[in-house]
Amino acid sequence: MLKVENLTFRYGRRSAPVLQGVNMELKAGEVGILLGKNGSGKTTLFKNILGICSPSGGRILFDGEQLLRIPLKKRAGKIAYVPQDVQFGALSVFDSVLLSRISRFGLAAGREDYEVVERVLADMQLLQYAARSVEKLSGGERQKVAIARALSQEPRLIIFDEPTGNLDIANEQLITEEARRLARERNIGILSSLHDLNQALSFGDRFFFMKDGVIKYSGGEEQFTEAVINDIFDSKVRIIEHEGEKIILGGNR
Ligand code: ADP
């Protein structure tokens, strides 16, 4: 569904390239996790996929079509973005989800929009909060509203920037399980950055390890080895197995 080929990018004509030939592929229904040290280029890669930054070289294919050739409005319907910290203002849950749909598509709200928003809120178990101000919700509930906003755009791909950064463990699990379920059920691709390596292991299907502006390793859980992790993060973590599951010691950050 998403294919990035030899993507290069630099912020200024005279600055060093931040992306130095990124290659990656994500299939529909898959959760892909992007891992790498701060400054390795994760956000820059997201910005290129979202069309906020224009690549200096290479290409991004979406369902076989060059992303840059897809008109902006159509692109907005394909890719949704959930930023780390969403500012909602004093809107109700229903209105803030509806507004994201309207502002992305630039139309007045019609019956279909109301129906989509209602369905998404029901799916996310947010209907009981529909009339409540988003400001009065907990961090986890607000994060769910942010995901509902992305879903109401009925995208093919959702990009998450550190979705669980400010959440406690229970909400972290809720959000990652919900996102995983949605990916499977609706055949949506998810691409997410995450700091916590153990969380990444339980959330992701496919992992992209980024270092110095390239994806240095990618693949499934088998890529989680001490050698790979310690190379990517310049760290000294250890990996043990417990009841068939890998646990990364020192990997929770
Ligand atoms: P990550 O998300 O992995 O922490 P970023 O993509 O934010 O990494 O940053 C990659 C590199 O690009 C860093 O060296 C950072 O300083 C640089 N960078 C990020 N944003 C800008 C910008 N707007 N202008 C110039 N350089 C930037």
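So, how was this worked out
- Residues numbered from 1 in each chain as written.
- Predicted model: local features only at pLDDT ≥ 70, side-chain atom pairs only at ≥ 80, totals over all residues.
- Heavy atoms only, no water.
- Helix = DSSP H or I, 4+ residues; strand = E, 2+ residues; numbered from the N terminus.
- Rg over C-alpha atoms; globule rule 2.2 N^0.38 Å.
- Buried < 20%, exposed > 50% of the residue type's maximum accessible area, 1.4 Å probe, protein only.
- Contact = heavy atoms within 4.5 Å.
- Areas by Shrake-Rupley, 256 points an atom, 1.4 Å probe, with all protein chains shown as cover.
- Phe/Tyr/Trp six-rings, centres within 6.5 Å; stacked < 30°, edge-to-face > 60°.
- Core = buried A, V, L, I, M, F, W, Y, C linked by side-chain atoms within 4.5 Å.
- Axes fitted to C-alpha atoms, helices over the stretch in contact; angles between N-to-C directions.
- Parallel < 35°, antiparallel > 145°, perpendicular 65-115°, else oblique.
- Left-handed = near helix turned anticlockwise from the far one by under 90°.
- Expected span 1.5 Å × (residues − 1).
- Pairing = 2+ DSSP bridges.

Chemist: How would you summarise the overall build of the chain if you had to cite specific residues and measurements?
Modeler: Along its length, the chain carries eight helices and 12 strands. Here the C-alpha radius of gyration of the chain, 18 Å, is about what a compact globule of 253 residues would show, namely 18 Å. Dimensions of the chain along its principal axes, counting C-alpha atoms only, are 55 × 45 × 30 Å. Residues counted as buried form 52% of the 253 residues belonging to the chain. Across the chain, the fraction of contacts at a sequence separation of at least 24, relative to all contacts at a separation of at least 6, is 66%. Within the structure as shown, the chain displays about 12300 Å² of accessible surface, and the carbon and sulfur contribution to it stands at 47%.

Chemist: If you had to explain the packing of aromatic side chains to someone new, which residues and values would you point to?
Modeler: Under the criterion given, the structure shown has four aromatic pairs. Ring geometry for Phe9 against Tyr11: centres 4.8 Å apart, planes inclined by 90 degrees, an arrangement best described as edge-to-face. For Phe9, a relative accessible area of 6% puts it in the buried group. On the accessibility criterion, Tyr11 (47% relative accessible area) is partly exposed. Plain terms: the ring middles of Phe94 and Tyr114 are 5.9 Å apart, the flat faces sit at 20 degrees to each other, and that makes the pair stacked. A residue pair is termed long-range when its members are at least 10 positions apart, and Phe94 in helix 3 (residues 93-105) and Tyr114 in helix 4 (residues 111-123) qualify at 20 residues. Overall, the relative accessible area of 15% leaves Phe94 in the buried class. Classification of Tyr114 as partly exposed rests on a relative accessible area of 38%.

Chemist: Please provide a residue-by-residue account of the nonpolar core, values included.
Modeler: Ranked by size, the top nonpolar core spans 51 residues in total, and within it Leu35, Leu121 and Phe224 carry the most contacts. By residue number, the principal contributor to this core is helix 5 (residues 139-152), which donates six residues. What Leu35 contacts, discounting residues up to four positions off in sequence, is Lys42, Leu194, Leu197, Ala200, Phe207, Phe208, Phe209, Met210, Phe224 and Phe233. The next biggest cluster of nonpolar side chains, apart from the first, holds 26 residues, and it includes Phe9, Leu19, Leu45 and Phe208.

Chemist: Which residues make up the packing of helix 4 against helix 5, and what values do they have?
Modeler: As a packed pair, helix 4 and helix 5 sit with axes 9 Å apart at the nearest point and diverge in direction by 140 degrees. In terms of orientation, helix 4 and helix 5 fall into the oblique class. Handedness of the helix 4/helix 5 crossing: right-handed. Every residue of helix 5 that contacts helix 4 at Val116, Val120 and Leu121 is listed here: Ala148, Leu151 and Ser152.

Chemist: Tell me about helix 5, and please be specific about residues and values.
Modeler: Compared with an ideal rise of 1.5 Å per residue, which puts 14 residues at 20 Å, helix 5 spans 20 Å between its outermost C-alpha atoms and is within 8% of the ideal. Where burial is concerned, most of helix 5 is hidden: 10 out of the 14 residues are buried. For helix 5, the complete set of buried residues consists of Gly140, Gln143, Lys144, Val145, Ala146, Ile147, Ala148, Ala150, Leu151 and Ser152. Glu154 lies just past helix 5 and shows a positive phi near 50 degrees.

Chemist: So, the pairing of strand 1 (residues 2-9): which residues are in play, and what are the values?
Modeler: Across six bridges, the pairing between strand 1 and strand 2 (residues 19-26) is antiparallel. Following the sheet pairing, Val4 is matched in strand 2 by Met24. Strand direction decides the pairing type here: strand 1 and strand 4 (residues 57-62), joined by five bridges, are antiparallel. Within the sheet, the bridge partner assigned to Lys3 lies in strand 4 and is Leu61.

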